[in-house]
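For reference, the chains in residue letters:
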Amino acid sequence: MPFSIQMVALRSSLSFRMQNTVRGPLFGISRQSHNIPFTKGLGETKPFSLICPELTTKSVCERTASKLPTYNILGSGMILIKNYISLKDQVDIVNVCQKWGMGPGGFYQPSFQNGAKLQFQMMCFGRNWDPVTKYNKSYRSDGSEPPPLPKELTSLTKTIVQDAQAHLVELPSMHPDICIVNFYQLSGRLGLHQDRDESYDSLRRGLPVVSISIGDSAVFLYGHSRDKTKCEKVVLDSGDVFIFGGKSRLVYHGVKQIIPNSCPLPLLQETALIPGRLNLTLRQF
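Residues numbered from 1 in each chain as written. Predicted model: local features only at pLDDT ≥ 70, side-chain atom pairs only at ≥ 80, totals over all residues. Heavy atoms only, no water.

Peer 1: Could you clarify how one ought to interpret the UniProt feature "binding site: Fe cation" (unreviewed entry) in the chain in this entry?
Peer 2: Cross-referencing UniProt, the feature "binding site: Fe cation" (unreviewed entry) maps to His193, Asp195 and His253 in the present numbering. Judged by maximum C-alpha separation, these annotated positions cover 61 residues in sequence but sit close together in space, the widest gap being only 8.7 Å. At 2.9 Å, the side chain of His193 and the backbone oxygen of Gly191 are in polar contact. Following the sequence through the fold, Asp195 ends up in the loop between β7 (190–193) and α3 (200–204). Here Asp195 falls in the buried class, since its relative accessible area comes to 10%. (UniProt positions renumbered as here; feature names shortened; annotations may be inferred. Polar contact = N/O pair within 3.5 Å; in protein donor to acceptor, adjacent residues only side chain to side chain. Helix = DSSP H or I, 4+ residues; strand = E, 2+ residues; numbered from the N terminus. Buried < 20%, exposed > 50% of the residue type's maximum accessible area, 1.4 Å probe, protein only.)

Given below as structure tokens:
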């Protein structure tokens, strides 16, 4: 029988907001899992924690989230917004991902059909996705289903897109119902690929993918082919948002490198986040 677990507020001031906006309501979401027998592999995965209780804050980076956002148009339907997510919201996002990532349906290391493992930990909100079955199965092999997409993340994403549209009029609006969360440790990588598993209608309309970066910085590649020599390169820092939609919806992209000791010191002090990059990509199926 399915059961629900009501999530309590992680902090009395928990909210998602862009800089200088009003704080939102507390979290209050439910989660379901199903009594399906565990299978070997995923069901036996040891819970992966984003937090290190003994982490010492030795970051050489002293950046804070106090800078104003800047909007950098990279192509038709593609924009990089620097310094968008406030420090407070970065902390809240880390806490939410830590909370759900430690339980059933939480972080695990996904694999390809041939058994080769991807170089990051992953979990989903809203709808299950994996490299083999894509969106075709609602449940993972351990019987768990992803928790609902928090309404605060939905609201934040819509606000991000609306703000981006003021600078990029050809960017379509969207209602996110999926969030894929990846955590790249310092050795993590992701080869060039296209996000093309969403519905035909979503792809046809060019509904955007909104990517939020938290923690250590990443060297990010993007281009219109899998040829790395023809790709552009940007550095995505903690609090940055990268959006690709419209004519750029099927752009090739990947993570070339995680930059050590680049996480803002205030974020480390607030969260004790382990070395690496937390990345949330939101989209509409």
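Peer 1: What is the right way to look at helix α1 (residues 87–101) in this model?
Peer 2: Residues that lie three or four places apart on an α-helix share one face, since the helix turns once every 3.6 residues. End to end, α1 covers 21 Å across 15 residues, agreeing with the expected 21 Å (1.5 Å per residue, within 8%). The element α1 is extensively covered by neighbouring structure, given that 13 of its 15 residues are classed as buried. (Expected span 1.5 Å × (residues − 1).)

Peer 1: Is there a simple way to think about the packing of aromatic side chains in this case?
Peer 2: Two measures describe an aromatic ring pair: the distance that separates the ring centres and the angle between the ring planes. Per the counting criterion, the structure on display carries seven aromatic pairs. Ring plane angle 50° and centroid distance 5.1 Å describe the contact between Phe120 and Tyr184, whose orientation is recorded as tilted. With a gap of 64 residues between them, Phe120 in the loop between α1 and β5 (121–125) and Tyr184 in strand β6 (residues 178–184) connect regions that are remote in the sequence. Residue Phe120 is classed as buried on the basis of its relative accessible area of 5%. Between Phe220 and Phe242 the ring centres are 4.9 Å apart and the planes differ by 55°, which places this aromatic pair in the tilted class. Placement of Phe220 in strand β9 (residues 218–223) and of Phe242 in strand β11 (residues 241–244) is noted, with a sequence separation of 22 residues between them. Residues Phe220 and Phe242 agree in their burial class; the two are buried. By the ring-pair criterion, three or more aromatic residues cluster together here, those being Phe220, Tyr222, Phe242 and Phe244. Stacked on the ring of Phe285, the Lys or Arg Arg127 has its end atom at 4.0 Å from the ring centre. (Phe/Tyr/Trp six-rings, centres within 6.5 Å; stacked < 30°, edge-to-face > 60°. Lys NZ or Arg CZ within 6 Å of the ring centre and 35° of its normal.)

Peer 1: What am I meant to see in unusual backbone geometry here?
Peer 2: Excluding glycine, residues mostly have negative phi values, and the peptide bonds linking residues are mostly trans. The phi dihedral of Lys134 is positive, around 60°, even though this residue is not glycine. Mapped onto the fold, Lys134 is located in the loop between β5 and α2 (151–165). For Asn261, which is not glycine, the phi dihedral falls at a positive 55°. Here Asn261 lies in the loop between β12 (252–258) and α4 (265–271).

Peer 1: What's the story with the pairing of strand β8 (residues 209–215) in this structure? I'm lost.
Peer 2: The side chains of a regular strand alternate, first on one face of the sheet and then on the other. Counted residue by residue, β8 has seven buried out of seven residues, so it is predominantly covered. Here six bridges tie β8 to strand β13 (residues 277–283), and the two strands are oriented antiparallel to one another. Among the inter-strand pairings, Val210 is bridged to a residue of β13, identified as Leu282. (Pairing = 2+ DSSP bridges.)

Peer 1: For this particular structure, what's the right way to read the sheet that holds β11?
Peer 2: The strands making up a sheet associate through hydrogen bonds between their backbones, and the pairing can be parallel or antiparallel. Overall, antiparallel pairing links the seven strands, which are arranged β3-β4-β11-β8-β13-β6-β5 in an open sheet. Looking at the sheet topology across the chains shown, the edges are occupied by β3 (70–75) and β5. Here the strands of the sheet are splayed against their neighbours by 15° on average, with no regard to which way each runs. Strand direction decides the pairing type here: β5 and β6, joined by five bridges, are antiparallel. Among the inter-strand pairings, Cys124 is bridged to a residue of β6, identified as Ile180. α2 contacts β3, β4 (78–82), β6, β8, β11 and β13 of the sheet and is inclined by roughly 110° relative to β8. (Axes fitted to C-alpha atoms, helices over the stretch in contact; angles between N-to-C directions. Contact = heavy atoms within 4.5 Å.)

Peer 1: What is the right way to read the sheet that holds β12 from this model?
Peer 2: Spatially, four strands are ordered β7-β12-β9-β10 in an open sheet, and the strand pairing comes out antiparallel. The sheet is open, and its two edges are formed by β7 and β10 (232–236), each paired on a single side. Mean inter-strand twist for the sheet, computed between neighbouring axes without regard to direction, equals 25°. Two strands pair when backbone bridges link them, and β7 and β12 are joined in this way by two bridges, in the antiparallel orientation. Along β12, the bridge assignment pairs His193 with His253.

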